[in-house]
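# Close look at the chain arrangement
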Amino acid sequence: MINNKYLVGNGFIGKNLKKIKRDIINSKYIVYAAGISHSKTKSKNELNREFNSIYKFAKKNYLKKIIYISTADVSHNLLNKSLYVKNKIRIENFIKKKFKKYIIIRLPQIIGKSKNKNTLINSFYLNIKENKDFVLIKNFKRNILDIDDVLKVIKIIIKEKKIQNKIITLSNKYSIKPMDIVKVFEKKMNKVGLYKIKKAKKQIWPLNYKKNENYFVKAKIRFGRNYLSKSISKYYK
């Protein structure tokens, strides 16, 4: 695990945060991006280990400024019942009580170069590529951000000294149906996915892009309807 004076975590997010190392060091924040890579895990050992890691970290660093990378799924009525998200909520609450200065950044689904086969985007890609059966939820939407855009926004956030003890949910202006993600891959790969369509309960996910739009404006990030297809072409050759 990457564990130094400015960054904790060696997963997909952690490794990418090294690209803005100098900005983080200058901000005097420690970014905590360590966690479980598989959001569908049911392992109590993994979940307890995730919490115990931040607990041990807090013992030595509770007086320092921390940025914790969390998930936007904590406000999703269907996904926040999972053990993975419940653990994120537990950690968020712990951080709010333990640290005097914190920022919690909640992220939606992130697209980028990742070896994690369990991410939403990678799983769709691999299922189509390897001719595997998979399920699409008809009345479900996801929200996608390019990792490079996430880094740009985090740079903006850490430079604004007035931001303190705050939860910031970052999101794309447009949410998208999983079916539309699959269609982009099918067109790019010239291949049809082997999926079945199922219905789920009504989705309630109060993402409020407007609330944090100013960060994206300052980072000169624009969300068009072709944002996803551009990102997929960028990372999936």
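Numbering of residues begins from 1 in every chain and follows the order in which that chain's sequence is written. Reporting in this predicted model follows two pLDDT cut-offs: at least 70 for local features of residues, and 80 or more for side-chain atom pairs to be given and counted; totals over whole chains, interfaces and linings ignore these cut-offs and use all residues. The side-chain quantities take in all heavy atoms of the structure and omit both hydrogens and water.

## Regarding the packing of helix 5 (residues 120–129) against helix 7 (residues 178–189)
Test applied: All axes here are fitted lines through C-alpha atoms, helices being fitted over the stretch that makes contact, and every angle between N-to-C directions spans 0 to 180 degrees. The helix and strand labels rest on DSSP assignments: H or I over at least four residues marks a helix, E over at least two residues marks a strand, and numbering proceeds from the N terminus. Orientation labels follow simple angle bins: below 35 degrees gives roughly parallel, above 145 gives roughly antiparallel, 65 to 115 gives roughly perpendicular, and whatever is left gives oblique. Each crossing gets its hand from how the near helix is turned against the far one by less than a right angle, where anticlockwise is left-handed and clockwise is right-handed. In what follows, a contact means two residues having at least one pair of non-hydrogen atoms within 4.5 Å. Note that Gly is not counted as nonpolar here; it falls among the polar residues with everything else outside the nonpolar set of Ala, Val, Leu, Ile, Met, Phe, Trp, Tyr, Cys and Pro and the charged set of Asp, Glu, Lys and Arg.
Relative orientation of the contacting elements helix 5 and helix 7 amounts to 45°, with a least axis distance of 10 Å. On the basis of the axis angle, helix 5 is oblique to helix 7. As helix 5 runs across helix 7, the sense of the crossing is right-handed. Contacts between helix 5 and helix 7 involve L120, I121, F124, Y125, I128 and K129 from the first element and P178, I181, V182, F185, E186 and M189 from the second. Along the lines of polarity and charge, the residues of the contact of helix 5 with helix 7 split into ten nonpolar, no polar and two charged.

## Here's the deal with unusual backbone geometry
Just so we agree on the cut-off: For every residue, the accessible area obtained with a 1.4 Å probe (protein chains only) is divided by the maximum for its type, and the residue is called buried under 20%, exposed over 50%, and partly exposed between those limits.
Its identity as a non-glycine residue notwithstanding, K28 has a phi of 65°, on the positive side. Along the polypeptide, K28 turns up in the loop between helix 2 (21–27) and strand 2 (29–32). Relative accessible area serves as the criterion here: at 67%, K28 is assigned to the exposed category.

## Concerning the sheet that holds strand 2
Heads up, the condition is: Strands are treated as partners if at least two bridges between them are detected by DSSP.
Read across the sheet, five strands follow the order 1-2-3-4-8 without closing on themselves; strand pairing throughout is parallel. The open sheet has two edge strands with one neighbour each: strand 1 (7–8) and strand 8 (166–169). For strand 4 (residues 101–107) and strand 8, the ladder comprises four bridges, and the chain directions are parallel. Counted as the bridge partner of I105 is I168 from strand 8. The sheet strands contacting helix 3 (residues 44–61) are strand 1, strand 2 and strand 3 (65–71), and the helix crosses strand 2 at an angle near 170°. Across the sheet, helix 4 (residues 83–98) is in contact with strand 3, strand 4 and strand 8; its angle to strand 3 comes to roughly 160°.

## Notes on the side chain of N172
To be explicit about the condition: Pairs of N or O atoms within 3.5 Å make up the polar contacts considered here, provided that, within protein, one atom can donate a hydrogen while the other can accept it, and that residues adjacent in sequence are counted only when both atoms are side-chain atoms.
Within the secondary structure, N172 is located in the loop between strand 8 and helix 7. Taking relative accessible area as the criterion, N172 reaches 7% and is therefore assigned buried. Among the polar contacts listed, one links the side chain of N172 to the backbone oxygen of I144, at a separation of 2.9 Å. Looking at N172, its side chain comes within polar contact range of the main-chain nitrogen of Y174, at 2.9 Å. If near-sequence neighbours (up to four positions away) are discounted, N172 is found in contact with N143, I144, L145, Y209, F223 and Y227.

## A look at the nonpolar core
Formally: To qualify as a nonpolar core, a set must consist of buried Ala, Val, Leu, Ile, Met, Phe, Trp, Tyr and Cys residues joined through side-chain atoms within 4.5 Å.
By size, the foremost hydrophobic cluster in this structure holds 53 residues, and its most contacted members are L17, I69, I105, I157, L170, I181 and F185. The element contributing the most residues to this core is helix 6 (residues 147–159), with eight residues. Ignoring sequence-local partners within four residues, the contact set of F185 consists of I121, F124, Y125, I128, N190, I232 and Y236. Counting 16 residues, the second largest nonpolar core, distinct from the first, contains I30, I54, Y68 and I95.

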